[in-house]
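Residue strings, one per chain:
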Amino acid sequence: MKYALLTILTLTTACLLSGCVTSTVDEMIYNEPVEGIGESSVVILGRRHSSNYETEPDFVLCVGEHITSYDNSITVIGELEFINALYPWFEPRTAPLHPEGLEQLVLQEPVARKIADLKLEYIIWLDGSTERSGGSGSMACSLGGCFGFGTWAHDANYEATIWDFSDRAAVGHISTSASGQSYMPAVIVPIPIIAPVQGTACDGVGDQLLEFLSSEY
Amino acid sequence: MSRSMTFANRYQEHLCASLLSLLLLTGCGPATVVVEGRFPPPLIEPLPLTLGVWYGPDFAQHEFFDESKTRGQSSWVVKTGQAQIIMWNTLLAGVFEEVVHLKSAPIPGQNVPGVDGILVPHVSQLQYTIPKHTQVKVYEIWMRYRFELLTPDAQPVAEWDMSSYGKTPTAFLQSDQEAVNLAAVMALRDAGANFATTFTRIAPIQAWLQAQNVHAPGSSP
């Protein structure tokens, strides 16, 4: 009984200190490389053609870093480096929306040459965003400090689509959603307890991509 | 003693008043953004043409001023001229085999030697929105360009409009000015992408390219 109470207390404290996050990940992979991607490289790009949200560059960077931190043999080309190197073909206006569009792209000789130089095998598109979905509570601050309590929620929804550059085909979809509640109690000093919603979504997508790309996972 | 105290007090009062006025004036001034960015060269096969380019003062010193309509809003000045020049110089040098920058405006009937055509860009419109205006968490910039393509003796070949759009999401510890700058850089990149991918598809330009014996992707064979 004492042990159960202690466990509940520990879990509640841990949850309160880091904010609570729940997440789900779904994947659908069609054609996984048997022995990883070897010498080839991969680029992770954010979709930016929607008018009311943008896939955050920080999230794209986070997923790339998650992959290389667990398997440093995988070459992940930086997003900005790639879109600058292939300007103007991966701007929001011109980026292909379907893998068939890659066929048209490589008809341009300089583009085909650049992609061969980069040894590009997979393009991974990340589409989605993290939104703050509500808040409540109140806080008053004066010279004596702050008093009150605030809480708010974040929802993250992302979808990763993997394109095989050689086959000009989509070979996998991964979707993740995470939501969490953040708190800010204030007794003289406000103490933010932020739920790592975007980080959890990043780990979820990163783990699945790692399984796809790495021979060691 | 009392005289020096009075003088010191008065001096302090003047100093405080001056500082307060300066602070208030600074607070009331328009939010100014001098657009700064780096623009990559385009990855395309250049057209085998020598293009003359004339940036008029309206283009080279382009700035947009938006006066605040309410007390809560601030006025905005967005200066894009310098960034326009950098972006278009980089882009055109990649789209055409050679680019010649004209020292003066082309005059009809006066031939500019050594060029196949002259391009004169204009910014005809610029609009922006910030989250304070729309409650949407993105900063946006729209630009509308008007281009004139002229023969070497400044006779019109084609005139067309082109739009561009750039947006950037709100970010932690990012000021309105930084976000508007980033949105403007995105709009400039978009303008370059739009120009590079559609230039050879404009009907009068296709005819002009054919007259120059140039076959480009998107133009008639």
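Position labels on residues start from 1 in each chain and follow its written sequence. Lettering of chains starts at A and numbering of ligands starts at 1, both following the order in which they are written. At least 70 in pLDDT is required for a residue's local features to be given in this predicted model, at least 80 for side-chain atom pairs to be given and counted, and no such filter applies to totals for whole chains, interfaces and linings, which use all residues.

Caption draft 1: Representation of the interface of chain A and chain B in the model. Note on contacts: residues are paired as contacts if their backbone-placed C-beta atoms lie within 7 Å. Of the residues lining the interface, 16 residues belong to chain A; the matching set on chain B comes to 16 residues. When residues are sorted by character, Ala, Val, Leu, Ile, Met, Phe, Trp, Tyr, Cys and Pro go into the nonpolar class, Asp, Glu, Lys and Arg into the charged class, and all the rest, Gly among them, into the polar class. Across the side of chain A that touches chain B, the residue classes break down as 6 nonpolar, 4 polar and 6 charged.

Caption draft 2: Quick peek at the packing of helix α2 (residues 57-70) of chain A against helix α6 (residues 197-213) of chain A. Residue and element names in this part refer to chain A. Only C-alpha atoms enter the line fits that serve as axes; for helices the fit covers just the stretch in contact. Angles between N-to-C directions range over 0 to 180 degrees. The secondary structure listing takes helices from DSSP runs of H or I that are at least 4 residues long and strands from runs of E that are at least 2 residues long, numbered from the N terminus. Across the interface, α2 lies against α6 with an axial gap of 8 Å and an inter-helix angle of 50°. By the angle between their directions, the pair α2 and α6 is classed as oblique. As for the relative orientation of α2 and α6, their crossing is right-handed in sense. Where α2 abuts α6, its residues F59, C62, V63, H66, I67 and Y70 lie against Q198, C202, D203, V205, G206, L209, L210 and L213. Of the residues in the contact of α2 with α6, the class split is 10 nonpolar, 3 polar and 1 charged. Here the angle decides the label: under 35 degrees means roughly parallel, over 145 means roughly antiparallel, 65 to 115 means roughly perpendicular, and every other value means oblique. Handedness of a crossing is defined here by the sense of rotation of the near helix relative to the far one, left-handed for an anticlockwise turn of less than a right angle and right-handed for a clockwise turn.

Caption draft 3: Spotlight on the pairing of strand β2 (residues 41-46) of chain A. Residue and element names in this part refer to chain A. Two strands pair if DSSP finds at least two bridges between them. Pairing analysis gives 3 bridges linking β2 to strand β3 (residues 75-77), with the strands arranged parallel. Within the sheet, the bridge partner assigned to V42 lies in β3 and is V76. Assignment of crossover handedness uses the view with strands pointing away from the viewer, where a clockwise path from the first strand over the helix to the second indicates a right-handed crossover. Between β2 and its parallel partner β3, the chain crosses via α2, and the hand of that crossover is right-handed. Strand direction decides the pairing type here: β2 and strand β4 (residues 120-142), joined by 6 bridges, are parallel. Of the residues in β4, the one forming a bridge with V42 is Y122.

Caption draft 4: Highlighting the sheet that holds strand β3 (residues 63-66) of chain B. All names here are of chain B. In spatial order, the strands read β1-β4-β3; together these 3 strands make up an open sheet with mixed pairing. If you trace the sheet from one side to the other, it starts and ends with β1 (31-34) and β3, each paired once. Adjacent strand axes in the sheet meet at a mean angle of 10°, parallel and antiparallel pairs treated alike. Helix-sheet contacts for helix α5 (residues 176-198) involve β1 and β4 (76-79), and the interaxial angle to β1 is about 40°.

Caption draft 5: Highlighting α6 of chain A. Residue and element names in this part refer to chain A. A rise of 1.5 Å per residue sets the reference length of α6, with its 17 residues, at 24 Å; its end C-alpha atoms lie 24 Å apart and thus fit the reference within 8%. Of all the 17 residues making up α6, 12 are buried; the element is thus mostly covered by neighbouring parts of the structure. Exposed residues have 12 or fewer other C-beta atoms within 10 Å of their own C-beta, buried residues have 20 or more, and residues in between are partly exposed; the C-beta atoms are placed from the backbone. Of all the positions in α6, only V197, Q198, T200, A201, C202, G204, V205, G206, Q208, L209, F212 and L213 are classed as buried. Tucked inside the fold, the buried residues of α6 contact β1 (20-29), β2, α2, β4, β5 (145-164) and β6 (169-190). An expected span of 1.5 Å times one less than the residue number is assigned to each helix.

Caption draft 6: Up close: the packing of helix α3 (residues 81-95) of chain B against α5 of chain B. Residues and elements named next belong to chain B. Interhelical geometry of α3 versus α5 gives an angle of 25° and a closest axis separation of 10 Å. Taken together, α3 and α5 sit at an angle that is classed as roughly parallel. Here the hand of the crossing between α3 and α5 comes out right-handed. In contact with A83, Q84, M87, L91 and V95 of α3, α5 contributes A184, L188, G192, F195 and A196. Residues belonging to the contact of α3 with α5 are distributed by class as follows: 8 nonpolar, 2 polar and no charged.

Caption draft 7: Layout of the nonpolar core. For this entry, the nonpolar core is defined as buried Ala, Val, Leu, Ile, Met, Phe, Trp, Tyr and Cys residues connected by C-beta atoms within 7 Å. One finds V63 and I124 of chain A together with A184 of chain B to be the most contacted residues of the largest nonpolar core, which totals 87 residues. A total of 13 residues in this core trace back to one element, the largest contributor, which is α5 of chain B. For A184 of chain B, the residues in contact, after removing those within four places along its chain, are V35, V78, T80, A83, I141 and G166 of chain B.

Caption draft 8: Representation of the sheet that holds β2 of chain A within the structure. All names here are of chain A. Strand order in the open sheet formed by 6 strands is β1-β6-β5-β4-β2-β3, with mixed pairing between adjacent strands. One side of each edge strand has no neighbouring strand; the edge strands of this open sheet are β1 and β3. Going from strand to strand, the sheet's axes swing by 20° on average, the running direction of each strand aside. With 19 bridges joining them, β5 and β6 adopt antiparallel strand pairing. Bridge assignment links W152 to a residue of β6, and that residue is S182.

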